[in-house]
Amino acid sequence: MIQVNGLTKSFEGFPALDGVDMHVKKGAIYGLVGPNGAGKSTLIRHITGVYRPDAGEVRIEGEPVFENRTIKAKMAYIPDELFYFMQADTMEMKRFYQGIYPSFDEKLFYRMQEFFPNINVKRTIRRLSKGMQKQVAFWLAICCKPELMILDEPVDGLDPVMRRQIWSIILAEVAEQQMTVLVSSHNLRELEDVCDHVGIMHHGKLIVERSLSDLQGSVTKIQVACVSGMPKLSDNFEVLHMSNTGRVYTMIVKGDPNEARAALAESNPTIVDILPLTLEEIFIYEMGGADYEVKDILF
């Protein structure tokens, strides 16, 4: 669905993107994560066709996206900072979206109104709360029936019930219409529940791009109770971190967890527990080798 090849962009000599390669499959929910200033929003603005690349290319369904009206008509974008016309209410914005998106489904708009009962559709959107403005943005975007939905900090400002409802609507569209979703967020625990692929950005590069299941299977937390002292693993495994409380050692290990368990069994441990890492923990340890200091707060 999305192919980004060698994408480069600089602003006044500062390299915001430095040869980014990214691939998002059709029907996937792709989580884009990274520290502030990593280049996530700049990358998204290229994918939506707002910025022209200095070098490299961005293609959606094989076509370049910049100034491509046909491709842009297939995508919906909800930025972190929303824009609405100054005096527009929800119904006026609906008519505006209808004029832009040939696929806008008016019947769906009215059916979905029950999911947003607190929205006064005749009230100026700018007078609504930030959370209600986000609800209007999702409501309109879903009714555009996009093939690609791009979200930048999508549920910031929404209460927990509405966050769950919004994600339920998006997941239903992915399942029924094979809609592709690219979402950038700092809420890694939430992404873990919905994403099937993850890309980690740092200093304008995509340093990790893998399916979430592969990512969680390659880095493991292992707790070992060992009478004979510190457990040891062969050089086939990379121990990213180790700490201990008495005779219980906690290790963060890169490598196959079952092979690590078998290797640790040679030390005759009392207990060996293999624990999957959360996406948040994986992010911290992946960034541990990229100028980030790994903290002991995970243990």
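Computed from a predicted model, the values in this text were never measured in an experiment.

**A closer look at the pairing of strand β7 (residues 148-152)**
Then, in step 1: Of all the five residues making up β7, five are buried; the element is thus mostly covered by neighbouring parts of the structure.
Then, in step 2: The alternating pattern of β7 places L148, I150 and D152 on one face and M149 and L151 on the opposite face, and all of these are buried.
Then, in step 3: Pairing geometry for β7 and strand β8 (residues 180-184), over five bridges, is parallel. Looking across to β8, one finds that L151 is bridged to V183.

**Some remarks on the sheet that holds strand β5 (residues 63-64)**
Then, in step 1: Here four strands make up an open sheet; going across it, the order is β2-β1-β4-β5 and the pairing antiparallel. Across the chains shown, the open sheet's two edge strands, defined by having one partner strand only, are β2 (14-24) and β5.
Then, in step 2: Sheet strands touched by helix α1 (residues 40-47): β1 (2-11), β2 and β4 (55-60). Its angle to β1, the strand with the most contacts, is close to 120°.

**Section: the packing of helix α5 (residues 130-143) against helix α6 (residues 160-177)**
Then, in step 1: Where α5 contacts α6, the two axes come as close as 12 Å, and the packing angle between them is 10°. When the interaxial angle is binned, α5 and α6 end up roughly parallel. For the pair α5 and α6, the contacting residues are Q135, F138 and I142 in the first and M162, I166, I169, I170 and E173 in the second.
Then, in step 2: Of the residues in the contact of α5 with α6, the class split is six nonpolar, one polar and one charged.

**A closer look at the pattern of salt bridges**
Any two side chains of opposite charge can pair, on the condition that their charged atoms come close.
Then, in step 1: Applying the stated rule across the entire model yields seven salt bridges.
Then, in step 2: The salt bridge partner of K205 is D18, with a shortest N-O separation of 3.3 Å. Remark: D18 occurs in strand β2 and K205 occurs in strand β10 (residues 205-211); sequence separation between them is 187 residues.
Then, in step 3: D18 gets classed as partly exposed once you look at its relative accessible area, which sits at 36%.

**Quick word on the environment of S185**
Then, in step 1: By the secondary structure assignment, S185 is in the loop between β8 and α7 (188-194).
Then, in step 2: Note on S185: relative accessible area 6%, which makes it buried.
Then, in step 3: Note: C-alpha distance between S185 and G37 (148 residues apart in sequence) is 13 Å.
Then, in step 4: Discounting chain neighbours no more than four positions away, the residues touching S185 are L32, V33, E153, P154 and L191.
Then, in step 5: Side-chain polar atoms of S185 contact the backbone nitrogen of N187, separated by 2.9 Å.

**Some details on the sheet that holds strand β11 (residues 219-225)**
Then, in step 1: Spatially, four strands are ordered β12-β13-β11-β14 in an open sheet, and the strand pairing comes out antiparallel. If you trace the sheet from one side to the other, it starts and ends with β12 (238-245) and β14 (271-276), each paired once. Direction aside, neighbouring strands of the sheet carry axes that sit 20° apart on average.
Then, in step 2: Pairing analysis gives seven bridges linking β11 to strand β13 (residues 248-254), with the strands arranged antiparallel. Residue pairing across strands places Q223 opposite T250, the latter belonging to β13.

**Examining unusual backbone geometry**
Then, in step 1: With a phi close to 55°, E61 is a non-glycine residue in the positive phi region.
Then, in step 2: Considering the arrangement of structural elements, one finds E61 in the loop between β4 and β5.
Then, in step 3: Judged by its relative accessible area of 34%, E61 falls in the partly exposed class.
Then, in step 4: At E67, a residue that is not glycine, the phi angle is positive and equals roughly 55°.
Then, in step 5: Locating E67 in the fold gives a position in the loop between β5 and α2 (69-72).
Then, in step 6: Since its relative accessible area comes to 63%, E67 is described here as exposed.

Parameters at a glance
- Within each chain, residue numbers correspond to sequence positions counted from 1 in written order.
- Reporting of local features is limited, given that this is a predicted model, to residues whose pLDDT is at least 70; pairs of side-chain atoms are given and counted only at 80 or more, and all residues count toward the totals for whole chains, interfaces and linings.
- Note that water and hydrogens are dropped before the side-chain values are worked out from all heavy atoms of the structure.
- Exposure categories follow from relative accessible area, calculated using a 1.4 Å probe and restricted to protein chains: below 20% of the type maximum is buried, above 50% is exposed, and the middle band is partly exposed.
- A run of H or I in DSSP becomes a helix once it reaches four residues, and a run of E becomes a strand once it reaches two; helices and strands are each numbered from the N terminus.
- By the convention used here, strands pair only if DSSP detects at least 2 bridges between them.
- When checking whether two residues touch, look at their non-hydrogen atoms; a contact exists if any pair is within 4.5 Å.
- Whenever a helix is involved, its axis is fitted only over the stretch in contact; in every case the axis is a line through C-alpha atoms, and angles between N-to-C directions fall within 0 to 180 degrees.
- Note that the term roughly parallel is reserved for angles under 35 degrees, roughly antiparallel for angles over 145, roughly perpendicular for angles of 65 to 115, and oblique for everything else.
- Following the grouping adopted for this structure description, the nonpolar residues are Ala, Val, Leu, Ile, Met, Phe, Trp, Tyr, Cys and Pro, the charged ones are Asp, Glu, Lys and Arg, and the polar ones are all others, Gly among them.
- By salt bridge we mean one thing: a side-chain nitrogen of Lys or Arg within 4 Å of a carboxyl oxygen of Asp or Glu.
- Two N or O atoms form a polar contact when they lie within 3.5 Å of each other; inside protein one atom must be a possible hydrogen donor and the other a possible acceptor, and for residues adjacent in sequence the pair counts only when both atoms belong to side chains.

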